[in-house]
Amino acid sequence: NSYEPREESVAIIGAGLVGCLAALNFAKLGYYVTLFELRDDPRLRDTTDKNLRSINLAVSERGIKSLNYVDLEMSLRVLSKIVPMRARMVHDLEGNQKSIPYGLHGETINSIDRGFLNVELLNEIDMNNNIQILFGLKLVKLDFNKKNNDNPIVYFQSNKKKDDDISNPIQSYEFDFVVGADGAYSQTRFQLQKFIRMNFEQEYIDTAYIELVIPPGKKNSYQLDPQHLHIWPRENFMLMAMPNHDGSFTSTFFGPWDLLKNLNNDEKVLGFFQTNFPDSINLIGLQKLLYAFKYHPKGALVCTFCDPYNYKGKCIIIGDAAHSMVPFYGQGMNCGFEDVRVLTDLLKKHNFTTELAFQEYSETRNKDLIAIINLAKENYKEMSQRVNTQQFQIRKTIDNLLYRILGDKWLPLYTMVSFRNDIPYSEAIRRGRKQYNIITGIQIGVATVGILAGYKYSRSLFSSFTNMIIKS
Ligand code: FAD
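Residues numbered from 1 in each chain as written. Predicted model: local features only at pLDDT ≥ 70, side-chain atom pairs only at ≥ 80, totals over all residues. Heavy atoms only, no water.

Colleague: Quick question: what am I supposed to make of the nonpolar core here?
Modeller: In a soluble, globular protein the nonpolar side chains are often hidden away together inside. Membership of the largest hydrophobic core comes to 116 residues, with the highest contact counts inside it found for Phe 26 and Leu 121. Here this core gets 11 residues from one element, more than from any other, and that element is helix α12 (residues 354-384). Counting residues in each nonpolar core, the second largest holds 25 residues, with Leu 212, Ile 214, Leu 239 and Leu 290 among its members. (Core = buried A, V, L, I, M, F, W, Y, C linked by side-chain atoms within 4.5 Å. Buried < 20%, exposed > 50% of the residue type's maximum accessible area, 1.4 Å probe, protein only. Helix = DSSP H or I, 4+ residues; strand = E, 2+ residues; numbered from the N terminus.)

Colleague: Would you explain the site of the ligand in this entry?
Modeller: What surrounds the ligand is a group of 31 residues, the closest being Glu 37, Ala 58, Leu 139, Asp 320 and Met 333. Contact distances for the ligand include 2.7 Å between an oxygen atom and a backbone N or O atom of Ala 58. Met 333 is positioned with one of its backbone polar atoms (N or O) 2.9 Å from an oxygen atom of the ligand. Alone, the ligand offers 1000 Å² of accessible surface; in the complex the protein occludes 88% of this. Broken down by class, the residue content of the shell around the ligand amounts to 14 nonpolar, 11 polar and 6 charged. (Near = heavy atom within 4 Å. Polar contact = N/O pair within 3.5 Å; in protein donor to acceptor, adjacent residues only side chain to side chain. Areas by Shrake-Rupley, 256 points an atom, 1.4 Å probe, with all protein chains shown as cover. Nonpolar A, V, L, I, M, F, W, Y, C, P; charged D, E, K, R; others polar.)

Colleague: Help me out: how do you make sense of the sheet that holds strand β4 (residues 83-85) in this one?
Modeller: In spatial order, the strands read β3-β7-β4; together these 3 strands make up an open sheet with antiparallel pairing. Of all strands in the sheet, those bounded by a partner on one side alone are β3 (56-59) and β4. Along the sheet, successive strands turn relative to each other by an average axial angle of 35°, direction set aside. Relative to strand β7 (residues 109-113), β4 runs antiparallel, the two sharing 3 bridges. Across the sheet, residue Val 83 finds its bridge partner in β7, namely Ser 111. (Pairing = 2+ DSSP bridges. Axes fitted to C-alpha atoms, helices over the stretch in contact; angles between N-to-C directions.)

Colleague: Can you help me understand α12 in this one?
Modeller: Working note: α-helix, 3.6 residues per turn, so residues spaced by three or four point in the same direction. In a regular helix each residue adds 1.5 Å, so 31 residues correspond to 45 Å; α12 covers 43 Å between its end C-alpha atoms and thus fits that length. At Arg 365, α12 shows its largest kink, close to 45°. (Expected span 1.5 Å × (residues − 1). Bend = angle between axes of the 7 residues up to and from the residue.)

Colleague: How do you make sense of the side chain of Arg 189 when you look at a structure like this?
Modeller: Within the secondary structure, Arg 189 sits in helix α5 (residues 187-192). Within the buried core, Arg 189 has no salt-bridge partner, and the shortest N-O distance to an opposite charge, that of Asp 182, equals 7.1 Å. When sequence neighbours within four positions are dropped, the list of residues in contact with Arg 189 reads Gly 183, Ala 184, Met 198, Phe 200, Gln 202, Thr 304, Cys 306, Ile 317, Asp 320 and Ala 321. (Lys, Arg positive; Asp, Glu negative; His and termini not counted. Salt bridge = Lys/Arg side-chain N within 4 Å of Asp/Glu carboxyl O. Contact = heavy atoms within 4.5 Å.)

Colleague: How do you make sense of the domain arrangement of the protein when you look at a structure like this?
Modeller: Reports of interface size often rely on the accessible area that becomes lost once the parts have come together. Structurally, the protein comprises domain 1 (9-82 + 113-202 + 301-378), domain 2 (204-300) and domain 3 (389-471). In total, about 1600 Å² of surface goes out of reach between domain 1 and domain 2, with carbon and sulfur atoms giving 60% of it. Taken together, the connections running from domain 1 to domain 2 amount to 0 salt bridges. At the junction of domain 1 and domain 2, the tally comes to 5 residue pairs in polar contact (both at pLDDT 80 or more). (Domains from an automatic or database assignment. Buried area = accessible area lost by both parts, 1.4 Å probe.)

Colleague: What is the right way to read the pattern of salt bridges from this model?
Modeller: Oppositely charged side chains may form a pair once their charged atoms are brought near each other. Taken as a whole and assessed by the stated rule, the structure comprises 18 salt bridges. For the salt bridge of Arg 341 with Glu 338, the shortest nitrogen-to-oxygen distance reads 3.6 Å. Residue Arg 341 and its partner Glu 338 are both found in helix α11 (residues 332-349); the two are separated by 3 residues, about one turn of the helix. You'll find Arg 341 and Glu 338 in the same group, each marked buried. Its salt-bridge partner being Arg 433, residue Glu 378 comes within 3.7 Å of it at the nearest N-O pair. Separated by 55 residues along the polypeptide, Glu 378 in helix α12 and Arg 433 in helix α15 (residues 425-452) bring together distant segments of the chain.

Colleague: Could you clarify how one ought to interpret the packing of aromatic side chains in this entry?
Modeller: Two aromatic rings are characterised by how far apart their centres lie and by the angle between their planes. Applying the stated criterion to the full structure yields 33 aromatic pairs. Here the aromatic rings of Phe 26 and Phe 177 are separated by 5.7 Å at their centres, their planes lie at 65°, and the arrangement is edge-to-face. Linking Phe 26 in helix α1 (residues 17-28) with Phe 177 in strand β12 (residues 177-180), this pair joins segments that are 151 residues apart in sequence. The exposure class of Phe 26 is buried, given its relative accessible area of 2%. With 4.7 Å between their ring centres and 45° between their planes, Tyr 291 and Tyr 295 make a pair best called tilted. Linking Tyr 291 with Tyr 295, this pair stays in helix α9 (residues 286-295), spanning 4 residues, or about one helical turn. The residue whose ring lies beneath Arg 6 is Tyr 31, and the NZ or CZ to ring-centre distance is 5.2 Å. Between the NZ or CZ atom of Arg 62 and the centre of the ring of Tyr 425, over which it lies, the distance is 4.1 Å. (Phe/Tyr/Trp six-rings, centres within 6.5 Å; stacked < 30°, edge-to-face > 60°. Lys NZ or Arg CZ within 6 Å of the ring centre and 35° of its normal.)

Printed below as a string of structure tokens:
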């Protein structure tokens, strides 16, 4: 159901995933939307461009709910090529594979190519008469027109010429309000900091990533089980692979920057893979693997924390511009999509008075954003180290057992974050920590009973308890 057209105009900065969804959303709410994007239209891009990153994303409940919220039919169209993954597949050094389901009831996270999803959203925008999209324009400055109700004035330059080129004039536009969705290195955020006392922190983790591809096998068959997110956890570094609908997998290598700097010739890369990921060499193909380490761009992983996110009812930042996070919980985009839904709920609550809605958004959303940024950072250890340990298996088994017994009163943290859309991140993490402590208590309790009952009995008691849990 679309809303009545309103007089207000909104500028959205950045036509990435979150900016595109925000544009569709504000157009549906009846606003006149202009979407500005620094880059050229990706649909016109040379697909042989070697610098293109083909990141795969896991879309989960929060993202899907937000897409549905904006437009159910659009959501079905843009998600038509997702590949559902119901479990992690852990690959050990010997090439053995072990499946660890994400949920007890066959819940899935869903793999999709980021570029493909972006193009699908742009195609949806093309079908909407209330959205004007301008490619190749870079936001360079933001100001507020004090004479006209503090309306924002946004200044752009063409991306085709240098900023100081005299033939590259600055163009300015005035809007009723601005939504900055221009990514982790947001210019909107930078400009906003000149007008508000924004707390801001940026943190790089010492991990880089390189994209690799596992091509389809014979007759476009998958070389690995496509219902899984595959990981090769190796403590300080790891390899991951997520399925595409065409039979290939997009794989990502994560490791410390110094390690990558050191893998500076074919011999070293081959030796490293033979030692650590022997089964992956044939899957990727030796030449492709060596090419990737030589030529593919190495990506940095950054977390940004800021607060507040708005200037009155005139400007607000969402998506990575407000909360970039490391990708280890698969929530960056999902959280950005959720921003759109949460903000819209507040606009509706405040009868579209942006000042009240933006203010409440900043006040209430911050704790959830900080919670998920920190959780994503912690999850790198789980994926690259703990998932391999017996302790992880035992904890997960107890967690699942209590979930089975107690139902909604006990939800594993991963379930609350990835398969539920009604529990705020901060609440999920608060409950998750409490449950973590209870599981630790159970383990200590069992061990203590064992000690009290004497060493002889403790071993059999502990192992029968563990067996009981594993069987259940
Ligand atoms: P972006 O995608 O960065 O888009 C910002 C847009 O703004 C860009 O198009 C940019 O060109 C434009 N722009 C920038 N500056 C300007 C300017 N000055 N003027 C005009 N336009 C400008 N998330 C998940 O939910 N699940 C996952 O499984 C997942 N996996 C990931 C794996 C990796 C390796 C990485 C790196 C990220 C992953 N993420 C994942 C995170 C996800 O990619 C991001 O959270 C998401 O893309 C953010 O979208 P965005 O629109 O906010 O920002």
